[in-house]
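The residues making up each chain are set out below.
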Amino acid sequence: MIWYMRLWAVLYIFLISGVCFSQDISRPEPDSVTANFSGAPPQDYYIAGIRLLGAHAIDSTQLLMLSGLSVGDMIRVSGPDISQAIKKIWKQGIVSDVSISVEKISKKQIWLVVSIQELPRIYRVEWSGLKDAAENTLNDQLNLIKGKIISKADIKRISTFVKKYYADKGYFKVQVDVRQTEDQFLDGYVHLNIQVDRGKKVKVGEIHFMGNEQFTDQKLKKQLESTYGSSILKFFLPSRFIPADFEKDKQSLVAFYQRAGYRDAAITSDSIAFNPDKNKLEIWITVKEGEPYYFRNIEWEGNYVYADETLNQILDIEKGELFNPEKLHQNLRYNPDHADVSSLYLDHGYLFFTVDVAETGVVHDSVDIALRIYEGEQAKVGKVTLQGNRITKDQVVLRELRTLPGETFSREKLIRSQREIAQLGFFDPDQIGVTPIPDAEKSTVDLVYSVVENPNDRINLSGGWGGGLGFVGTLGFNINNFSIKDVLKPRRWKPFPVGDGQKFSVMFQANGKNFQSYSLVFSEPWLGGKNPNQLSTSISHAIRRKNFTNTTTADGVDETTQGTLQLSSATTTFARRLNWPDDYFTLSHALSYSLYELTDYNDELGFSTGTTNSFIFNTTLARNNLDHPVYPKQGSTVSLSGSFTPPYSLFNNKNYHGLEAEEQYKWAEYHKWMLDARKYIKIKGNLVLEGRAHLGYIGTYTNRKGVGPFERFYLGGNGFGGQSFLLGSDLIGLRGYDDNAIVPSDTDSNIDGGVAYNKFSLELRHPVLMKPAATLYLLGFAEAGNTWNKPSQFSFKNLYRSAGFGVRAFLPAFGLLGVDWGYGFDTLPGATKPSGWNFQFTIGTQIR
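Residues numbered from 1 in each chain as written. Predicted model: local features only at pLDDT ≥ 70, side-chain atom pairs only at ≥ 80, totals over all residues. Heavy atoms only, no water.

### Details of the overall build of the protein chain
- Secondary structure assignment for the protein chain yields 13 helices and 36 strands.
- Burial status across the protein chain gives 44% buried among its 848 residues.
- The long-range fraction of contacts in the protein chain, counting pairs at least 24 apart against all pairs at least 6 apart in sequence, stands at 60%.
- For the protein chain, the accessible surface area stands at approximately 44900 Å², while carbon and sulfur atoms represent 54% of it. (Helix = DSSP H or I, 4+ residues; strand = E, 2+ residues; numbered from the N terminus. Buried < 20%, exposed > 50% of the residue type's maximum accessible area, 1.4 Å probe, protein only. Contact = heavy atoms within 4.5 Å. Areas by Shrake-Rupley, 256 points an atom, 1.4 Å probe, with all protein chains shown as cover.)

### Side note on the packing of helix H2 (residues 60-67) against helix H3 (residues 81-91)
- In contact at an axis separation of 8 Å, H2 and H3 are set at 125° when each is read in the N-to-C sense. Judged on the interaxial angle alone, H3 and H2 are oblique. Touching Leu63, Leu66 and Ser67 of H2 are Ala85, Lys88 and Ile89, all from H3.
- Here the contact of H2 with H3 is built from residues that sort into 4 nonpolar, 1 polar and 1 charged. (Axes fitted to C-alpha atoms, helices over the stretch in contact; angles between N-to-C directions. Parallel < 35°, antiparallel > 145°, perpendicular 65-115°, else oblique. Nonpolar A, V, L, I, M, F, W, Y, C, P; charged D, E, K, R; others polar.)

### With respect to a nonpolar patch on the surface
- A cluster of nonpolar side chains, Phe805, Trp821, Trp837, Phe839, Phe841 and Ile843, forms an exposed patch at the surface whose accessible area comes to about 690 Å².
- In terms of residues, the nonpolar patch owes the most to one element, strand E36 (residues 836-843), which gives 4 residues.
- Within the element layout of this structure, Phe841 appears in strand E36. (Patch = residues over 30% accessible without salt bridge, like charges linked within 9 Å, V, L, I, M, F, W, Y side chains within 5 Å. Salt bridge = Lys/Arg side-chain N within 4 Å of Asp/Glu carboxyl O.)

### Observations concerning the sheet that holds strand E3 (residues 95-106)
- An order of E2-E1-E4-E3 is seen for the 4 strands of this open sheet, with the pairing classed as mixed. In this open sheet, the two strands that pair with only one neighbour each are strand E2 (74-76) and E3. Here the average twist between neighbouring strands, direction ignored, is 45°.
- Sheet topology places strand E1 (residues 44-53) next to E2; 3 bridges connect them, and they run antiparallel. (Pairing = 2+ DSSP bridges.)

### Observations regarding the nonpolar core
- Core analysis: the largest hydrophobic core is formed by 27 residues, its most contacted members being Leu69, Ile100, Ile110, Leu112, Val114 and Ile116.
- Residues in contact with Leu112, not counting those within four places in the same chain, are Ile47, Gly49, Ile50, Arg51, Leu69, Ile75, Ile82, Ile100, Ser101, Val102 and Glu103. (Core = buried A, V, L, I, M, F, W, Y, C linked by side-chain atoms within 4.5 Å.)

### Considering the pairing of strand E19 (residues 502-511)
- The pairing of E19 with strand E20 (residues 515-524) spans 9 bridges and is antiparallel. Bridge pairing in E20 places Val506 opposite Leu520.
- Hairpin connection between E19 and E20: a loop of 3 residues separates the two successive antiparallel strands, and Gly512 in this loop has a positive phi of roughly 60°.

### Topic: the environment of Pro709
- Along the polypeptide, Pro709 turns up in the loop between strand E27 (687-699) and strand E28 (713-715).
- Residue Pro709 is classed as buried on the basis of its relative accessible area, which comes to 3%.
- For the pair Pro709 and Glu604, spaced 105 residues apart in the sequence, the C-alpha separation amounts to 8.9 Å.
- Residues within four places of Pro709 in sequence aside, it is in contact with Leu605, Phe607, Tyr665 and Ile751.

### Observations concerning the side chain of Thr645
- Mapped onto the elements of the fold, Thr645 is located in the loop between strand E25 (635-644) and helix H13 (661-664).
- Overall, Thr645 belongs to the buried group, its relative accessible area being 3%.
- A polar side-chain atom of Thr645 sits 2.8 Å from the main-chain amide nitrogen of Tyr670.
- Contacts of Thr645, omitting those with residues within four sequence positions, involve Ser614, Phe615, Ile616, Ala668, Glu669, Tyr670 and Tyr701. (Polar contact = N/O pair within 3.5 Å; in protein donor to acceptor, adjacent residues only side chain to side chain.)

### Let's talk about the packing of aromatic side chains
- Summed over all chains, the structure comprises 35 aromatic pairs.
- Site record: aromatic cluster; members linked through ring pairs are Phe805, Trp821, Tyr823, Phe825, Trp837 and Phe839.
- Above the plane of the ring of Tyr293 lies Arg263, whose end atom (NZ or CZ) is 5.3 Å from the centre.
- Lying over the aromatic face of Phe781, Arg735 brings its terminal NZ or CZ to 3.9 Å of the ring centre. (Phe/Tyr/Trp six-rings, centres within 6.5 Å; stacked < 30°, edge-to-face > 60°. Lys NZ or Arg CZ within 6 Å of the ring centre and 35° of its normal.)

### A closer look at the sheet that holds strand E12 (residues 354-363)
- Reading across the sheet, the 3 strands line up as E11-E13-E12 and stay open at both edges, with mixed pairing between neighbours. Of all strands in the sheet, those with a lone pairing partner are strand E11 (294-301) and E12, marking the two edges. Going from strand to strand, the sheet's axes swing by 20° on average, the running direction of each strand aside.
- Of the strand pairs in this sheet, E12 and strand E13 (residues 366-374) are connected by 9 bridges, and their pairing is antiparallel. Bridge pairing in E13 places Val363 opposite Ser366.

### Digging into the side chain of His628
- Among the structural elements, His628 can be located in the loop between strand E24 (610-624) and E25.
- In this structure the side chain of His628 is engaged in a polar contact, spanning 3.1 Å, whose partner is the backbone nitrogen of Val630.

### Quick notes on the environment of Arg399
- By the secondary structure assignment, Arg399 is in the loop between helix H11 (394-398) and helix H12 (411-424).
- As for Arg399 and Ser417, which are separated by 18 residues in sequence, their C-alpha atoms are 9.9 Å apart.
- Residue contacts for Arg399: discarding those within four places in its chain leaves Asp500, Pro525 and Trp526.

### A look at the environment of Glu559
- Note on placement: Glu559 falls in strand E22 (residues 558-577).
- For the pair Glu559 and Phe548, spaced 11 residues apart in sequence, the C-alpha to C-alpha distance is 8.4 Å.

### So, helix H9 (residues 325-332)
- Of the positions making up H9, those classed as buried are Leu328, Asn331 and Leu332. Down the axis of H9, the buried set is contained in an arc of 100°. They therefore lie on one face. (Arc of directions from axis to C-beta.)

### Thoughts on the pattern of salt bridges
- Inspection of the entire model under this criterion finds 40 salt bridges.
- Here Arg179 makes a salt bridge to Asp177, at a shortest N to O gap of 2.7 Å.
- Looking at Arg179, the relative accessible area reads 46%, which means it is partly exposed.
- Here the salt bridges share partners, and the residues they tie into one network are Arg678, Glu690, Arg692, Arg735, Glu763, Arg765, Glu783, Arg808 and Asp820.

### A few points about H2
- The complete set of buried residues in H2 reads Leu63, Leu64 and Ser67. Down the axis, H2 shows its buried residues gathered within 100° of arc, on one side only. Set apart from the buried face of H2 by more than 90 degrees, the exposed residues are Thr61 and Met65.
- Buried residues in H2 make contact with E1, H3 and strand E4 (109-118).
- One or two residues past the end of H2 sits Gly68, with phi positive at roughly 85°.

### Re the packing of helix H4 (residues 132-142) against helix H5 (residues 152-167)
- Taken N-terminus to C-terminus, the directions of H4 and H5 make an angle of 130°; their axes are 11 Å apart at the nearest point. With respect to H5, the axis of H4 lies oblique. The crossing of H4 and H5 is right-handed. In this structure, H4 contributes Ala134, Thr137, Leu138, Gln141 and Leu142 to the contact, and H5 contributes Arg157, Ile158, Phe161, Val162, Tyr165 and Tyr166.
- Residue classes in the contact of H4 with H5 are distributed as 8 nonpolar, 2 polar and 1 charged. (Left-handed = near helix turned anticlockwise from the far one by under 90°.)

### Points about unusual backbone geometry
- Following Trp580, the chain continues to Pro581 via a peptide bond in cis, the omega torsion being 0°.
- Of note in the backbone geometry, His364 takes a positive phi value of approximately 55° without being a glycine.
- For His364, the position within the fold is in the loop between E12 and E13.
- Of note, the phi angle at Asn740 is positive, near 55°, even though the residue is not glycine.
- Looking at the element boundaries, Asn740 is found in the loop between strand E29 (730-732) and strand E30 (745-746).

### Observations regarding the confidence of the model for the protein chain
- Overall, the prediction assigns the protein chain a mean pLDDT of 84, with 88% of residues at 70 or greater.
- Within the protein chain, the element-level pLDDT minimum falls on helix H1 (residues 2-16), averaging 37, and the maximum on strand E16 (residues 444-450), averaging 97.
- Confidence drops under pLDDT 50 across residues 230-236; counting only partners more than four residues distant or on other chains, this segment forms 7 contacts.
- The low-confidence segment residues 463-469, where pLDDT is below 50, has 16 contacts with residues more than four positions distant or belonging to other chains. (pLDDT = per-residue confidence, 0-100.)

Now the structure itself:
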């Protein structure tokens, strides 16, 4: 008993002398912390005080609260209280070391000391060896902000992230050195200096294939779209190795074999090695081709609506054809370039249709397939709702839909409805969505269309240089989603009265007194609100003043006179959508009156002083099925129009050749025909080929009166320049040549401008940016055209040719902006050398 008491006394003295309850805790296993009191009897104390040591940036009171220890609490020193407190502090992730020791014990009271070593915090981050753009990107993605706690694990994470960031760009020898320097003024804060040496970009050298007997290495390389080899065909393309892309390429390679009938094809191994001599990677891929397989028997099960013969015709797979699971899948479920079974059912309301593919047998080299169909009931459209339209009113969108409540569901009409919403121009075309909510019990489906507003109303306040006039200023606004009925309701202005889908624009353009133009346009796309009948009205007035130098016959002194040309016009147009041959067609009729007034305007228009009255009836048949209003990838547009003035010469016996020019042209008389066609073909991905053809002809009703000076064709440039010079003329763009440079002269009437023209163009486009805020794409073009002053001279061979490249940017606030560099290959009349390189700038969509 005595030895027991002595042992207790020794332990007690040791305890009160400041035994440390500290425990060195190492991550990531804080649960291993325990209080070492195995030799002491259980004893409870009241905490009389707690001191915190080592805190700089950490709030002491808050940390002690997080530990669970507070003055007045009772703890058992040989129990779990101390170790649990240490764990709680550790788990906050703000310290690198923590210990709790006894400062003093008196009877039932105990005083504790909590010692911590804070993890440093970031004060500043400095990068070395990077460009500003890369610094900003890495700072954002790593979230390296001031005050952020930084640990050893974070340092390692930074190094790993930077290496991966550059590996995705083709750099595999990146060196990252992260150094910490304590701040001189703030305890616990450090400066991070991250030095990055990305080294040289590691490109892909040779790609070696092994095991391939049916296809050459070059053929297989073409399947690796992202991992380029050293082929001459890839000379102008980047050659970088990205692991994620390489994995996708390997899947594409296997898919290529399977499309060719090699059902068991697989990649058995691959390896990558760095060649330091060439600073390139070399890749080895071993393939197992196997034997080709063929389709044998294809059986349909569960089909009652459509017979086997109909489904086989759409499936388009013959017995004995190479086994191609991709073609089978596409022709069953979705094929953008071919009819498919799924579309057949979904376009006729079978929303709950499903089809499963089962291989029922493999005999030698042939595969038997069973196609098991569940047709279900035809679904009717239930509720149709719209979400996301903050400005545009519901009825403006809903009236464009082809999926009406109560009608049989159709996927084709669903896709068409999305296109019609995009064509409005009020929403981001790439964010128009539709969510079907089917109800199998009721055989109905509710449709929720979602849109993202992308207003394209524009306020034009700009200036620029225009066609020899010097500085030309423009002021105006285009409201493409106008609401005339809210004009007197200022509370609904945002900032204009908008939301009813109408169009309203006012424009003023001027160059001092030399040129002024005013215009006002209003258009209602759904006259009456029940049918898509469009009514448009416009009025405009323009005046062009020009100085002419004349030589007097008396004393030979040159004198300058100022001539003026004024054009006032008003037009009303009525257009309606047709249902035949299909509802992509529209038919429009327009009636317009134009008044040309010339005063001392020399003789370049055939007469210098006088007026020309022009009453014109125009009818246009057009078709448009483009899939996107800004960057179409497929579809076409075609427009055939005819404009007719009254045939005055048919009803009078005037000898126009004997009249003065002022009298001849007092009433404009002609008929004008225009054909414009565009076709878009998706080459691959977003690479698109556009083909255009434009033809025009102006004729007369009788031989007694020729074509007047107005509405003739001028060719060359961007198709916009020189509008102020050539009021009442039809400007045709032809890049690579100066504005309006290709202009034949009518020797009989001494009037410039052609009466017939043609133009053909091919344009290859690829987008750089396709976002709601902007669309940017690059293009290369080749085009040819000409214009003649006699129909008999019209030719498809005698054309002025050009080629070049350019860029287009669509900004909702400004419309379409474009820059082109074109090279004219041919020599213009009067010139001694080809046109050569020409720069053109465009604003707006080029009509022709």
